[in-house]
Amino acid sequence: MSARDAACASLQAHDAGAAWDRYDVVRAGADGLNAFLCVDRAATCADPAGLLAGVPVAVKDNIATLGLPTTCASRILAGYVSPFEATAVRRLREAGALIMGKTNMDEFAMGSSTETSAFGPTRNPLDPTRVPGGSSGGSAAAVAAGVCRLALGSETGGSVRQPAAFCGVVGVKPTYGRVSRYGLVAYASSLDHVGVFATSVAEAALGLEVIAGSDPYDSTSAQVAVPSFVPEASDASRPLSGVVIGRPIEYFPASLDPRIAAVCARALETLAALGAEIRDVSLPSTDLAIPVYYVLAPAEASRNLARYDGVRYGVRADARDLQAMYERTRSGGFGAEVTRRVLLGTYVLSAGYYEAYYRRAQAVRALIAQEFTQTFASGVHLLFTPTAPTTAFRLGAVSDPYAMYLSDIFTVTANLAGIPAMSQPIGRVDGLPVGGQIMAAPFDEATMLRVAAALETALGPEAHR
Ligand code: GLN
């Protein structure tokens, strides 16, 4: 049986019903994970012969679904049902998948812990006193809890990879343009991606294959052929010979938690034992990525969120005149983090500050992208790094916004450069999963997934210890 058929068969054999009974993933509060904002237990299969026939898939609540609300975990969109469906969701349905529900997230995908949701935080299934990461925390938790084996998330700065790392599952962010964003609620359009979660590399690859490809409804989707992403198992003793994997020194700073560094070092040794050449490389602008991201993402967000004014979408506050209605709708509808981003974004785009912040940030973004291009052009095929600087932290433990922003220090670069990147479990620290990140050249998801699958096989159950 091919690896692709095996991934298909294992996904189709998954019984979500049993998982629903085992975990109260829907229920909020201390006794539930609060991973879902709504569920559809009556979802039906559109194609019994499809690749994903009968496979339950959870969808992040900022991805439009017909018949189920799309709220972005915000009060301003409470109860909003989209009149159209996202292309990624439509492709899943056409492949026979059951859209089982919408998952909790940080409000408008702004956050790294799923704590900014207007509908309460999601808890990490591996330790319910901890966060699942974010912003796609509900999707990561649903997969980690075994409710479903495939889920959609979105990424602007790490929102698939970081929760995947915190929950001990696989999370893939494809190349910018590889998956249509039609129906993904815009946060920062030049950085936004749709991504997938799964429990294995092969299953994530299959999910990506189903949703990838150009789409006339998204002008940024790329006209690039979609290869088969599911890697075939190799029986060679050194399956990665000829593959050069860069170890960017800036992603292993002296301040990195030595226990996380040790888990990464072991993964790199494993990759070397599989035949890969490990080469130290330097991406000197890495430390500028967080400041640049927090100029560009809020700038774009402030424009994208201007449409939520109480007129066209979602909730409208009562008021005596139009101006007061806008103000009451927006100040009552958005939470603190979203408000902070809109204010920050409006500031950096305003006259006098545009040149000083926005323009300069764009120039540095180009520099960051160029460093990746040069590294890949120098014969390095992939880069290996930790996904996040910490393991899952306790709910409420990170209250300073800037400290929260640093959670994405190793992930925002791939969004700024538009390159594919993924996280997979590579070990544990104090019983909590550590994610290893692999980044690749644009549209080379296939190599990234092949190496990830080889690493997954070689680490075996060790990856989860
Ligand atoms: N944590 C980052 C932010 O808040 C990234 C979020 C994301 O990727 N959607 O912007």
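Look a little higher up for the structure.
Keep in mind it's a predicted model, so treat the numbers as computed, not measured.

**Looking at the site of the ligand**
Right, so step 1: The local shell around the ligand holds 15 residues, among which Gly157, Ser159, Tyr187, Tyr293 and Asp408 are the closest.
Right, so step 2: Taking Ser112, its side chain carries an N or O atom lying 2.9 Å from a nitrogen atom of the ligand.
Right, so step 3: In the complex, the protein chains occlude 100% of the 290 Å² of accessible area that the ligand would expose alone.
Right, so step 4: Split into classes, the residues belonging to the shell around the ligand amount to 5 nonpolar, 7 polar and 3 charged.

**A word on the nonpolar core**
Right, so step 1: Residues Leu52, Phe108, Leu152 and Phe384 are the most contacted members of the largest nonpolar core, which totals 118 residues.
Right, so step 2: The dominant element in this core, judged by the number of residues it contributes, is helix α8 (residues 289-304), at 10 residues.
Right, so step 3: Among the nonpolar cores identified, the runner-up in size contains 22 residues, and Phe36, Ala58, Val147 and Ala151 belong to it.

**What to know about the environment of Ser237**
Right, so step 1: Tracing the chain through its elements places Ser237 in the loop between α6 (201-211) and β7 (244-248).
Right, so step 2: Relative accessible area serves as the criterion here: at 65%, Ser237 is assigned to the exposed category.
Right, so step 3: Sequence separation between Ser237 and Arg279 is 42 residues, and the spatial gap between their C-alpha atoms is 21 Å.

**Some thoughts on a nonpolar patch on the surface**
Right, so step 1: Taken together, the side chains of Tyr347, Tyr353 and Tyr357 make up a nonpolar region of the molecular surface, amounting to roughly 280 Å² of accessible area.
Right, so step 2: By secondary structure assignment, the location of Tyr347 is in helix α10 (residues 336-349).

**Thoughts on helix α11 (residues 354-377)**
Right, so step 1: Between its first and last C-alpha, α11 extends 33 Å over 24 residues, near the 34 Å set by a 1.5 Å rise per residue.
Right, so step 2: Within α11 the residues assigned to the buried category are Tyr358, Ala361, Arg365, Ile368, Glu371, Phe372, Thr375 and Phe376.
Right, so step 3: In this fold, the buried residues of α11 make contact with β8 (277-281), α8, α10, β9 (382-386), α13 (412-417) and β11 (432-440).

**With respect to the state of the cysteines**
Right, so step 1: The full count for this structure, using the stated rule, is 0 disulfides.
Right, so step 2: Among the cysteines around Cys45, which has no disulfide bond, Cys8 carries the closest sulfur, lying 12 Å off.
Right, so step 3: Cys264 carries a free sulfur, and the closest cysteine sulfur to it, the one in Cys167, is 18 Å from it.
Right, so step 4: Here Cys264 falls in the buried class, since its relative accessible area comes to 0%.

**Quick notes on the pairing of strand β5 (residues 170-173)**
Right, so step 1: Residues of β5 alternate between two faces, with Val170 and Val172 on one and Gly171 and Lys173 on the opposite face, all of them buried.
Right, so step 2: Bridging between β5 and strand β6 (residues 193-198) involves 3 bridges; their strand directions are antiparallel. By the bridge assignment for β6, Val170 is matched with Ala198.
Right, so step 3: Note that β5 and strand β10 (residues 421-429) share 3 bridges and pair antiparallel.

**A look at the sheet that holds strand β2 (residues 56-60)**
Right, so step 1: Taken together, 11 strands build an open sheet; the order of strands is β1-β3-β2-β4-β6-β5-β10-β11-β9-β7-β8 and the sheet is mixed. Both edges of this open sheet fall to β1 (36-39) and β8, since each of them pairs with a single strand only. Strand-to-strand, the axes of this sheet are offset by a mean angle of 30 degrees, without reference to chain direction.
Right, so step 2: Where β2 lies against strand β4 (residues 150-155), 3 bridges are found, and the strand directions are parallel. The residue bridging Ala58 from the neighbouring strand is Ala151, located in β4.
Right, so step 3: On top of the sheet, α6 reaches β4, β5, β6 and β10; it is set at about 145 degrees to β6, its chief contact.
Right, so step 4: Lying on the sheet, α11 is in contact with β8, β9 and β11; it crosses β9 at an angle near 125 degrees.

**Observations concerning the packing of α10 against α11**
Right, so step 1: With their axes 7 Å apart at the nearest point, α10 and α11 run at an angle of 105 degrees to one another. When the interaxial angle is binned, α10 and α11 end up roughly perpendicular. The segment α10 lies against α11, with Tyr347, Val348 and Leu349 engaging Tyr354, Tyr357 and Tyr358.
Right, so step 2: The residue inventory of the contact of α10 with α11, partitioned by class, reads 6 nonpolar, no polar and no charged.

**Some thoughts on the environment of Val169**
Right, so step 1: Assignment of secondary structure puts Val169 in the loop between α5 (161-167) and β5.
Right, so step 2: Here Val169 falls in the buried class, since its relative accessible area comes to 2%.
Right, so step 3: For the pair formed by Val169 and Leu406, sequence separation is 237 residues and the distance between their alpha carbons is 21 Å.
Right, so step 4: When residues no more than four places from it in sequence are discounted, the contact partners of Val169 are Ala140, Val143, Ala144, Ala164, Phe197, Ala198, Ser423, Gln424 and Pro425.

**Observations concerning helix α7 (residues 258-273)**
Right, so step 1: The first and last C-alpha atoms of α7 sit 22 Å apart over 16 residues, in line with the 22 Å expected at 1.5 Å per residue.
Right, so step 2: Residues Ile260, Val263, Cys264, Ala267, Leu268, Thr270 and Leu271 constitute the buried set of α7. Here the buried residues of α7 occupy an arc of 155 degrees about the axis, which is enough to place them on one side. In α7, the exposed residues that point more than 90 degrees away from the buried face are Pro258, Glu269 and Ala273.

**Here we look at the pattern of salt bridges**
Right, so step 1: Summed over the entire model, instances satisfying the criterion amount to 16 salt bridges.
Right, so step 2: Across the pair Glu94 and Arg90 runs a salt bridge whose closest N-O atoms are separated by 3.1 Å. Of this pair, Glu94 and Arg90 both sit in helix α3 (residues 87-94), 4 residues apart, which is roughly one turn of that helix.
Right, so step 3: When its relative accessible area of 31% is taken as the criterion, Arg90 is described as partly exposed.
Right, so step 4: The closest approach of N and O atoms between Arg178 and Glu445, which form a salt bridge, is 3.0 Å. Here Arg178 is found in the loop between β5 and β6, whereas its partner Glu445 is found in helix α14 (residues 445-459), with 267 residues between them in sequence.
Right, so step 5: Salt bridges linked by common partners bring Asp257, Arg259 and Asp430 together as one network.

Cut-offs used in this document
- Residues numbered from 1 in each chain as written.
- Predicted model: local features only at pLDDT ≥ 70, side-chain atom pairs only at ≥ 80, totals over all residues.
- Heavy atoms only, no water.
- Near = heavy atom within 4 Å.
- Polar contact = N/O pair within 3.5 Å; in protein donor to acceptor, adjacent residues only side chain to side chain.
- Areas by Shrake-Rupley, 256 points an atom, 1.4 Å probe, with all protein chains shown as cover.
- Nonpolar A, V, L, I, M, F, W, Y, C, P; charged D, E, K, R; others polar.
- Core = buried A, V, L, I, M, F, W, Y, C linked by side-chain atoms within 4.5 Å.
- Buried < 20%, exposed > 50% of the residue type's maximum accessible area, 1.4 Å probe, protein only.
- Helix = DSSP H or I, 4+ residues; strand = E, 2+ residues; numbered from the N terminus.
- Patch = residues over 30% accessible without salt bridge, like charges linked within 9 Å, V, L, I, M, F, W, Y side chains within 5 Å.
- Salt bridge = Lys/Arg side-chain N within 4 Å of Asp/Glu carboxyl O.
- Expected span 1.5 Å × (residues − 1).
- Contact = heavy atoms within 4.5 Å.
- Disulfide = S-S within 2.5 Å.
- Pairing = 2+ DSSP bridges.
- Axes fitted to C-alpha atoms, helices over the stretch in contact; angles between N-to-C directions.
- Parallel < 35°, antiparallel > 145°, perpendicular 65-115°, else oblique.
- Arc of directions from axis to C-beta.

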